[in-house]
Amino acid sequence: MDGSKIKDKPVTEEMLLAQGYRKYLGEELDIYYSKDICAHIGNCVLGNPDVFEVGRRPWIIADNAGIEENIRVINTCPSGALKYIRKDGK
Ligand code: SF4
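This structure is a prediction, so every number in the text was calculated from the model and none was measured.

1. Notes on the packing of aromatic side chains
- Tallied over the full model, the rule gives 2 aromatic pairs.
- Between the aromatic rings of Tyr 33 and Trp 59, the centroid separation amounts to 4.8 Å while the plane-to-plane angle is 75°, which identifies the pairing as edge-to-face. Of this pair, Tyr 33 sits in strand β4 (residues 29-33) while Trp 59 sits in the loop between α2 (43-47) and α3 (67-74), placing them 26 residues apart in sequence. Note on accessibility: Tyr 33 and Trp 59 belong to one class, buried.
- Here Phe 52 and Trp 59 contribute two aromatic rings whose centre-to-centre distance is 5.8 Å and whose plane-to-plane angle is 55°, an arrangement assigned as tilted.
- Taking relative accessible area as the criterion, Trp 59 reaches 15% and is therefore assigned buried.

2. Here we look at the sheet that holds β4
- With antiparallel pairing, 3 strands are arranged side by side in an open sheet as β3-β4-β5. One side of each edge strand has no neighbouring strand; the edge strands of this open sheet are β3 (22-24) and β5 (82-86). Between one strand and the next, the sheet's axes are offset by a mean angle of 25°, whatever the strand orientation.
- For β3 and β4, the ladder comprises 3 bridges, and the chain directions are antiparallel. Of the residues in β4, the one forming a bridge with Lys 23 is Tyr 32.
- Lying on the sheet, α3 is in contact with β4 and β5; it crosses β5 at an angle near 150°.

3. Description of the nonpolar core
- If you look at the biggest cluster of nonpolar residues, it comprises 19 residues, and the most contacted ones within it are Ile 31, Tyr 33, Phe 52, Trp 59, Ile 60 and Leu 82.
- Mapped by element, the contributors of at least two residues to this core are β4, α3 and β5.
- With 4 residues, the top contributor of residues to this core is α3.
- Leaving out residues up to four positions away in the same chain, Tyr 33 has contacts with Gly 20, Tyr 21, Arg 22, Tyr 24, Cys 38, His 40, Trp 59, Ile 60, Ala 81 and Leu 82.

Rules behind the numbers
Residue numbers run consecutively from 1 along every chain, following the written order of its sequence. Where totals are concerned, whole chains, interfaces and linings use all residues; where local detail is concerned, this predicted model gives features only for residues with pLDDT of at least 70, and gives and counts side-chain atom pairs only at 80 or more. Hydrogens and water molecules were not included; the side-chain quantities draw on all heavy atoms of the structure. For Phe, Tyr and Trp, where Trp contributes only its six-membered ring, two rings pair if their centres lie within 6.5 Å, and the inter-plane angle classes them as stacked under 30 degrees, edge-to-face over 60, or tilted in between. To qualify as a helix, a DSSP run of H or I must reach at least 4 residues; to qualify as a strand, a run of E must reach at least 2; elements of each kind are numbered from the N terminus. Partly exposed describes any residue whose relative accessible area lies between the buried limit of under 20% and the exposed limit of over 50%, with all areas from a 1.4 Å probe on protein chains only and scaled to the type maximum. Strands are labelled as partners when DSSP assigns at least two bridges between them. Axis geometry follows a simple rule: fit a line to the C-alpha atoms, using only the stretch in contact for helices, then measure angles between N-to-C directions, giving values from 0 to 180 degrees. Every residue pair with non-hydrogen atoms within 4.5 Å of one another is taken to be in contact. Each nonpolar core is a collection of buried residues, namely Ala, Val, Leu, Ile, Met, Phe, Trp, Tyr and Cys, held together in the definition by side-chain atoms within 4.5 Å.

Structure (structure tokens):
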């Protein structure tokens, strides 16, 4: 699933926060997560355990991987629980 969009529309911070996503700040991109939508499939944790680690606080650390790697893993989330916003405007 494309982590930069919801229903083919580019996500905005306002949209995501209004829908109950929580923001995990990064230098190059912010990751957003909705525990209500998460299906606990585990693709994120398997995909990059440095960024996504259940039981750690915060459980998402965006800066533990580069921007392209974060996007790759976020796009493997099947439920739409993970979204991202790049800070370089791309
Ligand atoms: S990949 Fe998505 S649905 Fe699966 S555990 Fe991670 S956030 Fe939840």
